[in-house]
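Each chain, letter by letter, is given below.
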Amino acid sequence: MTVLGNDVWPPAPIKTERLVLRESEGRDRAAVIELSASPEVNAYVGGPRPRAELERTVSEVPGRQPGWFVVELDGAMIGTVQLKPHAPETPGSEHRREAGGTDLGYLFLPGAWGRGYAAEACAAALDWFSGVRPGEPVVLYTQTANARSMRLAAKLGFTELERFVAWDAEQWFGVRSPAR
């Protein structure tokens, strides 16, 4: 068990209308490998990793860390939501360094796209986080070319702080204030 803020990790599973957010289990390994190997999933986050490499390196129970949720639909993993320490690697912006201590990330299998699951899961994770770390803002990065992610950021209440170019693409950086 690990402590995240004043709460113990992992929390009890978080249930939404259609989904369950929970700690990773061994049965999630194949789906985690699929997420990391998928060209569609990784089009805006550095590209897919080779499946053979993933088979060698992904642990038997992947994602066992505070803030890393498996998103489950009808007993099967469809994606992940992560609330992780914000580490603004790209130099040159005070906004990115001072905006918040936690970064929201998410990945969903292509079969789950377009059904509102990412919005539902991210909103539930953000609500949980607000209870664990009241008053702490959350930041989000996405490429401006990723129209789905841009729409999700707006739907979740993130507001743009800046745009910048990194990794040969325009990036969007936003923050969600804790007053939301």
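This report concerns the structure included in the present document.

About the cut-offs
Residues numbered from 1 in each chain as written. Predicted model: local features only at pLDDT ≥ 70, side-chain atom pairs only at ≥ 80, totals over all residues. Heavy atoms only, no water. Helix = DSSP H or I, 4+ residues; strand = E, 2+ residues; numbered from the N terminus. Expected span 1.5 Å × (residues − 1). Buried < 20%, exposed > 50% of the residue type's maximum accessible area, 1.4 Å probe, protein only. Phe/Tyr/Trp six-rings, centres within 6.5 Å; stacked < 30°, edge-to-face > 60°. Salt bridge = Lys/Arg side-chain N within 4 Å of Asp/Glu carboxyl O.

1. Let's talk about helix α4 (residues 117-132)
Then, number 1: With 16 residues, α4 ought to run about 22 Å at 1.5 Å a step, and its terminal C-alpha atoms sit 23 Å apart, in line with that.
Then, number 2: Within α4, the full set of buried residues consists of Y117, A119, E120, A121, C122, A124, A125, L126, W128, F129 and V132.

2. Observations regarding the packing of aromatic side chains
Then, number 1: Counted by the stated rule, this structure contains three aromatic pairs.
Then, number 2: Between F69 and W128 the ring centres are 5.3 Å apart and the planes differ by 85 degrees, which places this aromatic pair in the edge-to-face class. With F69 in strand β5 (residues 68-73) and W128 in helix α4, this residue pair connects regions lying 59 residues apart in the sequence. Neither F69 nor W128 differs from the other in exposure class; each is buried.
Then, number 3: These aromatic residues form a ring-pair network of at least three members: Y141, F164 and F173.

3. Description of unusual backbone geometry
Then, number 1: The phi angle at D74 is positive, at roughly 50 degrees, despite the residue not being glycine.
Then, number 2: With respect to the helices and strands, D74 occurs in the loop between β5 and β6 (76-85).
Then, number 3: With relative accessibility at 76%, the residue D74 sits in the exposed group.

4. Overview of the pattern of salt bridges
Then, number 1: Counted under the stated rule, the structure contains 13 salt bridges.
Then, number 2: Between E25 and R27 there is a salt bridge whose closest N-O contact spans 2.5 Å.
Then, number 3: The partner of E170 in a salt bridge is R163, and the shortest N-O contact between them spans 3.7 Å.
Then, number 4: Given a relative accessible area of 37%, E170 falls into the partly exposed group.
Then, number 5: Look at R163 and you get partly exposed, because its relative accessible area is 40%.
Then, number 6: Overlapping salt bridges, with partners in common, bring together R22, E25, R27, D28 and E72 in one network.

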